[in-house]
Amino acid sequence: MVKYQLTVLAISSALLSMFLPNVSFAQNKGTVQGKVVTTKNEPADNVSIGLEGTGYGTTTRSNGEFSFKAPSGSYTIIISYVGVERVEVPVTVIANQTVTVPQIVIKASLSQLTEVNVIANRANRFTRKVSTDVGKIPLDNLENAQSYTTISSELIKEQQLFTVEDALKNASGIQKMWDATGRAGDGGGYFTLRGFTTQTRVRNGIAGLVTSSIDAGNIDKIEVIKGPSATLFGSTVTSFGGLINRVTKKPYGTFGAEIGQSVGSYNLNRTTIDVNTPLGSDIAFRLNGAYSYEGSFQNYGKNRTFAFAPSLSVKASDRLSFLFEAEMFYGRSSAKPFFFFWSSPKDLGVTNANQLKIDYKQAYANDNVTSYSRSLNYFAEAKYKISDKFTSQTIFSSSNSYSDGPSPYYYLITDAIAMAAPYNAPDLPGEGNYILRNDQSTANSKLGAIQVQENINGDFNIGSMRNRVVFGLDFQRQNSHQIFLDHQYGYAPINDPNFDYGNFNKQAVDAVDPGTPYPYIYKTNTYSAYVSDVLNLTDKLIASVGVRVDRYENKGSYNVDGEQVSKPFDQTAYSPKFGLIYQPVKEALSLFANYQNGFVNPGVYTNGDGQPAVADLQNANQIEGGIKTSLFNGKLNSTISYYRINVTNVLRPLPNSPVFGQVQDGTQLSQGFEAELVANPIPAVNIVAGFSYNDSKFTKAADNVQGLRPNTAGSPYLANLYISYRLPQSFVKGLGVGVGGNYASNNKIINSISEGTFELPSYTLLNASIYLDRPKYRIGLTGNNLTDKHYYTGFTTVNPQRLRQFVLSASYKL
């Protein structure tokens, strides 16, 4: 614990030293306060406001009010919107006094506030100070006792990133493990976060499952919410490491459009469109769409996707508004190579991926072996202003994933096993390791989910203490009809230039008998109630408390003939959370601590008697403490934290059990340190940086893995960096460059006494971009993996990743 505290202090000192030369600590400042409203006298929430030509400013609170400090002098408050009349308000700041400016009226509706282009106080271009989803209450990051990272659409656009999966490289402590496979149900990309696997299952704070790679064209920001989060989000969309929430773009009240085209290495071809138009004074429609095609850095491989995201906002009255959204993703893709271990690393005589001698540019299957995937998400929201203190939010969400077709993968096998096989062996050379070619197809596989949620939000005082409260009721249903088929296509040498790997093709797949299906057919219902309160005990001390009650109903599982194969069962869970924040410097520096809980329903397992039994709830409890900053008028935003997660009721195998029974008394520990920075140290320079260390181990498990790091925990050390420089506007307006990269240490994907240890080597990736962003057009050139690094990701698998790629993009704005 001491070493983590010393690290926190060292990094804090280093960050502060970057800014000290440019900052005066003189105390001759005054306070500027006021209120911003729309033309309909509605409070303008979360609007950035500042003094022209300076970095002084803030964002408005939920009631439209704002307050910030600035040196004495005469200034102009400026707010500017795309397509909306510019607002200028003169103000004179007097040292040690508070000046209240007249109420500022913005000639825009609330829906237009998402399209803000603030001239003042936007020097730190990659920050988003407020989240409404992380705590289900609008909170500034400094007021939230939970750690989370925000990746803004501005950063995504500057780096020319096309998927949510690629954008996550800008968050600290998260690492991609598997690319999306497109399979219904679990086909989305897999990541590790704080030592536990997670997927991108949340959209605008509720369930929004996508089982393919997620197009970033409709993304306003991505929130990586860290640590167990079952109190507010339940267990079906979260993991013990946290969750990934994507916040989508919303309609606004003026016309706007942007059409883009990108081309690049590996036959990349991408067309995008973003069109917004008002349909009367209180209705607005927006459509984001994208078509993408990309080949592979390997000799075979292709990926073709369509993404459409229409949205409609309706203001029925001053109190009632509606939002309707849809996400539609369609794809046909060939599988990327995944190498599993049939033979152990010990038997193969290898300890890291470089020793396998995989042909990095070989796909090992023909690209006419493709599968079709579809993800459809529908979302409806009604907001009703009950009073000045209370608001009702009613949400309906429907998620539907579908897949059909083959999905090749490969087992790593010793030559002894391959040569002893009853088929294909006579044609194989007699030395070296081999692969067993497999296919796990899906046959009209489906997973559907619906969620209905009601939230009552309140913002009121009890005496002198401000309360921000959410009370919620939630219902989730999952209906799974996932059908898998497994086939084998013989052995092949792992690296032989004379072998025809392309004979694993569509003709071979179509010729195979469908065989016995492996179904995942089940239905579950989850009924939940939760409450959370953020309480301002004093001007600088904030406490938060929340609890969830969760009733889970599993309706049993069935085979393809409709016969029940496991019995229904019910479980009830309770999930509390607590948080505390102290702000030594209000709205600039927060010391935070939290206790958070997560749980999962493991389902049915085989006990020591060889009988099926319903597992108890598996629980994770986290304690975390750290520092959050928004110093120097928002120029230095950072989070530094230490966390410790204890997991109980883990299922583990019984030693020497003849029936392969399990017992539920295992434990696991995951602890670590994270630091992230979003800074604007000097004019025109923006920095996004992160570093994390994770120490995970089984503390009570089978002797084979006792005390060892889980093979799903990822690399212990991760780092990310991006530095952006936009030339002064007096030189070439809109011209900028960016450089950055990512580092991951060795990753133990096999780690046991019996099988040995197998590592994916550490890697460092370098990327760069140059762009010209003008009011009517944008042109950009990006280079990814500039050093052409051969590297692998995976958990329990070896997955080669994309080599060097260049992307040229252009867009025109109407």
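Criteria and thresholds
Residues numbered from 1 in each chain as written. Predicted model: local features only at pLDDT ≥ 70, side-chain atom pairs only at ≥ 80, totals over all residues. Heavy atoms only, no water. Helix = DSSP H or I, 4+ residues; strand = E, 2+ residues; numbered from the N terminus. Rg over C-alpha atoms; globule rule 2.2 N^0.38 Å. Buried < 20%, exposed > 50% of the residue type's maximum accessible area, 1.4 Å probe, protein only. Contact = heavy atoms within 4.5 Å. Areas by Shrake-Rupley, 256 points an atom, 1.4 Å probe, with all protein chains shown as cover. Pairing = 2+ DSSP bridges. Phe/Tyr/Trp six-rings, centres within 6.5 Å; stacked < 30°, edge-to-face > 60°. pLDDT = per-residue confidence, 0-100. Salt bridge = Lys/Arg side-chain N within 4 Å of Asp/Glu carboxyl O. Axes fitted to C-alpha atoms, helices over the stretch in contact; angles between N-to-C directions. 1 Å grid on protein atoms, 1.4 Å probe; cavity = no way out; pocket = protein on both sides within 12 Å on 5 of 7 lines; lining within 4 Å. Points joined across faces, edges and corners; volume = space filled by probe spheres on them. Nonpolar A, V, L, I, M, F, W, Y, C, P; charged D, E, K, R; others polar.

**Things to note about the overall build of the protein chain**
Here comes step 1: Regarding its fold elements, the protein chain presents eight helices and 49 strands.
Here comes step 2: Here the C-alpha radius of gyration of the protein chain, 27 Å, is about what a compact globule of 814 residues would show, namely 28 Å.
Here comes step 3: Taking the principal axes of the C-alpha coordinates as reference, the protein chain spans close to 90 × 55 × 55 Å.
Here comes step 4: Within the protein chain, the fraction of its 814 residues that count as buried is 55%.
Here comes step 5: For the protein chain, contacts bridging at least 24 residues in sequence account for 69% of all contacts bridging at least 6.
Here comes step 6: For the protein chain, the exposed surface amounts to about 33400 Å²; the carbon and sulfur share of it is 56%.

**A closer look at the sheet that holds strand 17 (residues 219-226)**
Here comes step 1: With mixed pairing, five strands are arranged side by side in an open sheet as 11-17-18-15-16. Sheet topology places strand 11 (148-152) and strand 16 (206-207) at the edges, where each strand pairs with a single neighbour.
Here comes step 2: With two bridges connecting them, strand 15 (residues 202-203) and strand 16 associate as antiparallel partners. Opposite Arg 203, over in strand 16, you have Ile 206 as the bridge partner.

**Structural notes on the pairing of strand 29 (residues 465-493)**
Here comes step 1: Across 25 bridges, strand 28 (residues 434-462) lies against strand 29 in antiparallel orientation. Paired with Phe 460 across the bridge in strand 29 is Asn 467.
Here comes step 2: Connecting strand 28 to the antiparallel partner strand 29 that follows it, the hairpin turn spans two residues, and Gly 463 within it adopts a positive phi of roughly 65°.
Here comes step 3: Pairing analysis gives 19 bridges linking strand 29 to strand 30 (residues 518-536), with the strands arranged antiparallel. Residue pairing across strands places Val 470 opposite Ser 532, the latter belonging to strand 30.

**Some details on the pairing of strand 38 (residues 636-653)**
Here comes step 1: Note that strand 37 (residues 618-630) and strand 38 share 12 bridges and pair antiparallel. Looking at strand 38, one finds that Asn 621 is bridged to Asn 646.

**Focus: the packing of aromatic side chains**
Here comes step 1: Scanning the model with the defined rule gives 34 aromatic pairs in all.
Here comes step 2: Look at Tyr 291 and Phe 306: their rings are 5.0 Å apart centre to centre, the planes differ by 45°, and that puts the pair in the tilted class. Of this pair, Tyr 291 sits in strand 21 (residues 283-294) while Phe 306 sits in strand 22 (residues 303-315), and the two are 15 residues apart along the sequence.
Here comes step 3: Using a relative accessible area of 34% as the deciding quantity, one classes Phe 306 as partly exposed.
Here comes step 4: Ring plane angle 10° and centroid distance 6.2 Å describe the contact between Phe 322 and Phe 324, whose orientation is recorded as stacked.
Here comes step 5: Residue class for Phe 324 comes out partly exposed when judged on its relative accessible area of 37%.
Here comes step 6: An aromatic cluster is defined as three or more aromatic residues linked by ring pairs; in this entry it consists of Trp 178, Tyr 190, Phe 338, Phe 340, Trp 342, Tyr 409, Tyr 411 and Phe 795.

**Description of unusual backbone geometry**
Here comes step 1: In this model, Phe 632 sits at a positive phi of 55°, which is unusual for a non-glycine residue.
Here comes step 2: Residue placement: Phe 632 occurs in helix 8 (residues 631-634).
Here comes step 3: For Asn 656, which is not glycine, the phi torsion reads 60° and is therefore positive.
Here comes step 4: As for its placement among the helices and strands, Asn 656 is situated in the loop between strand 38 and strand 39 (662-679).

**Observations concerning the confidence of the model for the protein chain**
Here comes step 1: Considering every residue of the protein chain, the mean pLDDT works out to 89; 91% of them sit at 70 or more.
Here comes step 2: Residue range residues 1-9 is modelled with pLDDT below 50. Its contacts to residues more than four positions away, or to other chains, number 11 contacts.
Here comes step 3: Predicted confidence for residues 11-27 stays below pLDDT 50, and this span has 25 contacts to residues more than four positions away or in other chains.

**Observations regarding the pattern of salt bridges**
Here comes step 1: Considering all chains together, one arrives at 36 salt bridges under this definition.
Here comes step 2: Residue Glu 624 pairs with Arg 194 through a salt bridge whose shortest N-O separation is 2.8 Å. On the criterion of sequence distance, the pair formed by Glu 624 in strand 37 and Arg 194 in the loop between strand 13 (190-193) and strand 14 (196-198) is long-range, its members being 430 residues apart. Both residues of the pair, Glu 624 and Arg 194, belong to the buried class.
Here comes step 3: Here Asp 215 makes a salt bridge to Arg 270, at a shortest N to O gap of 2.7 Å. Placement of Asp 215 in the loop between strand 16 and strand 17 and of Arg 270 in strand 20 (residues 268-278) is noted, with a sequence separation of 55 residues between them. Of the two residues, Asp 215 and Arg 270, both sit in the buried class.

**Things to note about the sheet that holds strand 14**
Here comes step 1: Spatial ordering of the open sheet is given by 12-13-14, a layout of three strands whose pairing is antiparallel. With partners counted over all chains shown, the strands left at the sheet margins are strand 12 (174-178) and strand 14, one partner each. Direction aside, neighbouring strands of the sheet carry axes that sit 35° apart on average.
Here comes step 2: By the bridge criterion, three bridges tie strand 13 to strand 14 in an arrangement that is antiparallel. Opposite Thr 192, over in strand 14, you have Thr 197 as the bridge partner.

**Quick look at empty space enclosed by the protein**
Here comes step 1: Within the structure shown, the criterion is met by 13 cavities of 30 Å³ or more.
Here comes step 2: Looking at the largest cavity, its volume works out to about 240 Å³.
Here comes step 3: Taken together, 18 residues line the largest cavity, and the ones lying closest to its centre are Arg 128, Asn 141, Asn 637, Glu 676 and Val 678.
Here comes step 4: Every element with two or more residues in the lining of the largest cavity is listed here: strand 11, strand 37, strand 38 and strand 39.
Here comes step 5: Among the residues forming the lining of the largest cavity, the class breakdown is five nonpolar, nine polar and four charged.

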